[in-house]
Amino acid sequence: MSALPLVALVGNPNAGKSALFNALTGARQKLGNYPGVTVERKAGRLALSDGRPVELVDLPGTYSLDPNSPDEQVTRDVVMGQQTGEKRPDALVIVVDAANLDNHLRFALELLALGLPTIVALNMVDLATRDGLELDAAILSRELGVPVISTVAVRKRGLDHLRQELEGLLNGAPRAYPTGAAQDFDAVRREAGRIARAAIVRETPSRRLTAAVDRVALHPVFGLILLLGLLFVMFQAVYAWSEAPIAMIEGFAEAIANAVRAALPDGIVRSFLVDGVINGVGSVVVFLPQILILFFFILMLEATGYMVRAAFLMDGLMAKVGLSGRAFIPLLSSFACAIPGIMATRTIADPRDRLTTILIAPLMTCSARLPVYAVIIGAFIPARDVLPGVGLQGFVLFCLYLAGIVGAMLVAMLLRLTVTKGASGGFLMEMPKYQWPRPQDILLGLWQRAVIFLKRAGTIIFTSTVILWLLLSFPRVPDGDPTSQVDHSIAGRIASGLNVILEPIGFNRDISLALIPAMAAREVAVSALATVYSIDAGDDEALLERSLGDRLKDQWPLPTALAFLAWFIFAPQCISTIAVTRRETNGWKWPLFMVGYLFALAYVAAGITYWTATAAGL
Amino acid sequence: MRLTDLPLRQPAYVDLIDWSVLTPSEGQRLREFGLCEGASVEALHHGGIFGKGPIACKIGRMTVAMRRNHAAAVTVRTGPEAIGPEQDA
């Protein structure tokens, strides 16, 4: 661990802790994991006025030091100095929501009793003022015995003051902090209430924005319409907004490929670079815009406070399949990627609820499936409007997502009746105030996602593409032999073997071939197909110039394409998901169960689709 | 009257909580949300198209969502005579 002074940001959920963390550290953040647990560690550097750096760590939000979930356990262990791999913080910044003082002060008092050097950040004072509350930070400071600084993290107000106080705290002579004896919960609560009443100078009832919005957003009918509308806009936007940037990336990859073709003589090296590296990786990177659009919506829904409303609306429905509305949040995150989704299930206290949510998370259509859907839909579904402003392609995509959701609900119901049988856990959530997020915070989140995606493209996807290229390129077809290179290669032979199993559901040899490397990551199926067809084309310039979509359209019958889409609704292959499930469930039993049931579902769904489509004469 | 029967947006106070119907961790979470005898409560929204969804209510300054079975464990009373331990502390 670093020798820098360590300062921990700690506080209740919804106290604006992360916004304060972003405002203090800017883009210089490091995301990692606490050793042995999958709780994300968010750390960043903060420079004091004399230039001395301080390491700032953003601890998971919690309501008390009595942990209810693995996240909250980490917060407790860090502030107590019991977390492996983290030294005890040299100072704490306790973040409290000015508009929720009595409640947040109770936890603050619990933290103050630890006796660490502490500053209290009285955050979101602007929202408190909006709600008609006037607070006196000086009174609060006197009552608590530590500096209290009013901040508005999203407007960067009070940050310099906070930095100054922190400097004084870290430089200053060690002074005695009140280490209160462990007090009983109700006594601390009453004390917090007393201090809050002393610090609140004036309270005038005022119209509250949140209450007004909630009348619509939480309405049983209008709220549901709003939620479905939002989700529909989200999926339409994934297509509509991404066209231009995708064309740019494609043009760029094409330009590089052409430059390589011009610079290198025809041969194995050129084939490796063009077919393996540029075509393979390029065909996945091209989906970065769509993935970022999806993440943009999810980050916005979370940051504005709407996500919890969605959970509230969905709780009734989720209860019917034995889950709670809380599961809706990890499941919605799983639309971006099942890994953060599965990790987010840690906030679900009930172990059976949590396990069920983990097991169905891979059924939510993750962004890695988007490249696969996008290629197939682009090639086989005509780009026309079914209704004014509603494209058929977007509509089909929406249906695929819907199929995943319906599948997940049915599976959850079955699991709750069998392997995760038992009384359902409850649904208890705080509903934060609505707020407009700072654009920088959203951009930072998107940037972090883009880096993670490109790292994946650069490592897992690159490696598997290269291995596939090797397996496809060797042994070389002897000159004059009429068999194609793909048929002759090692990969082609493996795929032909596998095809015996997959042929009944309409999959051809090329699909079997693509499914193997797609174990590494689902989107590799696309780069694998690109590599297969690129090698298959050999030197045929006319073929090389055609896009992957056009090639697929030439070579696949429609029922096969539809079966391929159906397969990917359930497609279990993603090593990272299996690994994170193993880690979160502490063993191999559940990940193996998950993979098994997903494979079975994928096979049956693809089969039914293929047979139905063929029978319908498509 | 139970919290589930409290008309929407009518201020009330918590009279009694039947902790026995809550699991220890649910009880702890509700306490952390500020639920205690004497706390002010206001039911804000009933969720669910079929009337069986969760209830959003204000406890003190915090808005909290809970299921009906939990809300039914909370007995509330309305009116100005409501003085809880929160006030006389």
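Model, not experiment: these values are computed from the prediction.

A. Representation of the overall build of chain A within the structure. Across its full length, chain A carries 28 helices and 12 strands. The C-alpha atoms of chain A give 27 Å as radius of gyration, which agrees with the globular expectation for 618 residues (25 Å, within 12%). Dimensions along the principal axes, computed over C-alpha positions, put chain A at roughly 90 × 55 × 50 Å. Every one of the 618 residues in chain A was classed for burial, and the buried ones make up 56%. Long-range pairs, those at least 24 residues apart, make up 73% of the contacts in chain A between residues at least 6 apart in sequence. A total accessible area of about 25200 Å² is found for chain A, and carbon and sulfur atoms account for 64% of it. Across chain A, the centroid of the 53 positively charged side chains sits 6 Å from that of the 52 negatively charged ones.

B. Here's a closer look at the domain arrangement of chain A. Residue and element names in this part refer to chain A. Partitioning chain A into domains gives domain 1 (6-203) and domain 2 (221-420 + 439-616). Of note, the centres of domain 1 and domain 2, computed from C-alpha atoms alone, are 41 Å apart. For the pair domain 1 and domain 2, the summed buried area comes to about 990 Å², and 52% of that belongs to carbon and sulfur atoms. Here domain 1 and domain 2 share 0 salt bridges between them. Linking domain 1 with domain 2 are 2 residue pairs in polar contact (both at pLDDT 80 or more). Only α1 (17-25), β2 (29-33) and α2 (70-80) provide two or more residues apiece to the side of domain 1 that touches domain 2. No other element matches β2, which puts 3 residues into the side of domain 1 that touches domain 2. Class assignment of the residues belonging to the side of domain 1 that touches domain 2 gives a composition of 5 nonpolar, 7 polar and 2 charged.

C. Spatial organisation of a nonpolar patch on the surface. Residues and elements named next belong to chain A. Nonpolar side chains collect at one region of the surface, where Val216, Val221, Phe222, Ile225 and Leu226 lie side by side and expose about 450 Å² of accessible area between them. Considering every element that reaches the nonpolar patch, the biggest residue donor is helix α9 (residues 222-240), with 3 residues. Note on Phe222: relative accessible area 51%, which makes it exposed.

D. Region of interest: the nonpolar core. Residue and element names in this part refer to chain A. Within the largest apolar cluster, 126 residues are counted, with the highest numbers of intra-cluster contacts made by Phe507, Trp556, Phe564 and Trp567. Here the element with the most residues in this core is helix α18 (residues 392-417); it accounts for 11 residues. Leave out the neighbours within four places in its chain, and Phe564 touches Val372, Ile376, Phe507, Ile511, Leu515, Leu529 and Trp556. Counting 42 residues, the second largest nonpolar core, distinct from the first, contains Ala8, Val39, Val74 and Ile195.

E. Representation of the sheet that holds strand β1 (residues 12-17) of chain B within the structure. Pairing is antiparallel across the open sheet formed by 6 strands, whose spatial order is β12(A)-β4(B)-β3(B)-β2(B)-β1(B)-β5(B). For this open sheet the edge positions go to β12 (428-430) of chain A together with β5 (74-77) of chain B, each flanked by a neighbour on one side alone. Averaged over all adjacent pairs, the angle separating strand axes in this sheet is 40 degrees, with direction ignored.

F. Structural detail: empty space enclosed by the protein. All names here are of chain A. Applying the stated criterion to the full structure yields 2 cavities of 30 Å³ or more. Considering only enclosed or pocket space, the largest cavity measures out at about 40 Å³ in volume. Lining of the largest cavity is provided by Cys337, Ala338, Ile339, Cys366, Ala368, Arg456, Arg522, Cys574 and Thr577. Class assignment for the residues of the lining of the largest cavity results in 6 nonpolar, 1 polar and 2 charged.

G. Highlighting the interface of chain B and chain A. At the junction of the two partners, chain B supplies 31 residues and chain A supplies 42 residues. When chain B packs against chain A, the two sides together hide about 3200 Å² of surface, and 54% of this comes from carbon and sulfur. Considering only the surface of chain B that becomes buried against chain A, Arg29, Arg61 and Arg67 of chain B emerge as the three largest contributors, covering 24% of it. Across the chain B-chain A interface, the total number found is 3 salt bridges. Its salt-bridge partner being Glu72 of chain A, residue Arg29 of chain B comes within 3.0 Å of it at the nearest N-O pair. Inspection of the chain B/chain A interface yields 9 residue pairs in polar contact (both at pLDDT 80 or more). Of all elements in the fold, only α1 (24-32), β2 (40-46), β3 (55-59) and β4 (62-66) of chain B reach the threshold of two or more residues within the side of chain B that touches chain A. Per element, the largest residue contribution to the side of chain B that touches chain A is 7 residues, and it comes from α1 of chain B. Residues of the side of chain B that touches chain A, tallied by class, amount to 13 nonpolar, 9 polar and 9 charged. As judged from the 3 bridges shared by β12 of chain A and β4 of chain B, these two strands associate in the antiparallel manner. Of the residues in β4 of chain B, the one forming a bridge with Met429 of chain A is Ala65 of chain B.

Conventions we followed
- Residues numbered from 1 in each chain as written.
- Chains lettered and ligands numbered in written order.
- Predicted model: local features only at pLDDT ≥ 70, side-chain atom pairs only at ≥ 80, totals over all residues.
- Heavy atoms only, no water.
- Helix = DSSP H or I, 4+ residues; strand = E, 2+ residues; numbered from the N terminus.
- Rg over C-alpha atoms; globule rule 2.2 N^0.38 Å.
- Buried < 20%, exposed > 50% of the residue type's maximum accessible area, 1.4 Å probe, protein only.
- Contact = heavy atoms within 4.5 Å.
- Areas by Shrake-Rupley, 256 points an atom, 1.4 Å probe, with all protein chains shown as cover.
- Lys, Arg positive; Asp, Glu negative; His and termini not counted.
- Charge placed at Lys NZ, Arg CZ, Asp CG, Glu CD.
- Domains from an automatic or database assignment.
- Buried area = accessible area lost by both parts, 1.4 Å probe.
- Salt bridge = Lys/Arg side-chain N within 4 Å of Asp/Glu carboxyl O.
- Polar contact = N/O pair within 3.5 Å; in protein donor to acceptor, adjacent residues only side chain to side chain.
- Nonpolar A, V, L, I, M, F, W, Y, C, P; charged D, E, K, R; others polar.
- Patch = residues over 30% accessible without salt bridge, like charges linked within 9 Å, V, L, I, M, F, W, Y side chains within 5 Å.
- Core = buried A, V, L, I, M, F, W, Y, C linked by side-chain atoms within 4.5 Å.
- Pairing = 2+ DSSP bridges.
- Axes fitted to C-alpha atoms, helices over the stretch in contact; angles between N-to-C directions.
- 1 Å grid on protein atoms, 1.4 Å probe; cavity = no way out; pocket = protein on both sides within 12 Å on 5 of 7 lines; lining within 4 Å.
- Points joined across faces, edges and corners; volume = space filled by probe spheres on them.

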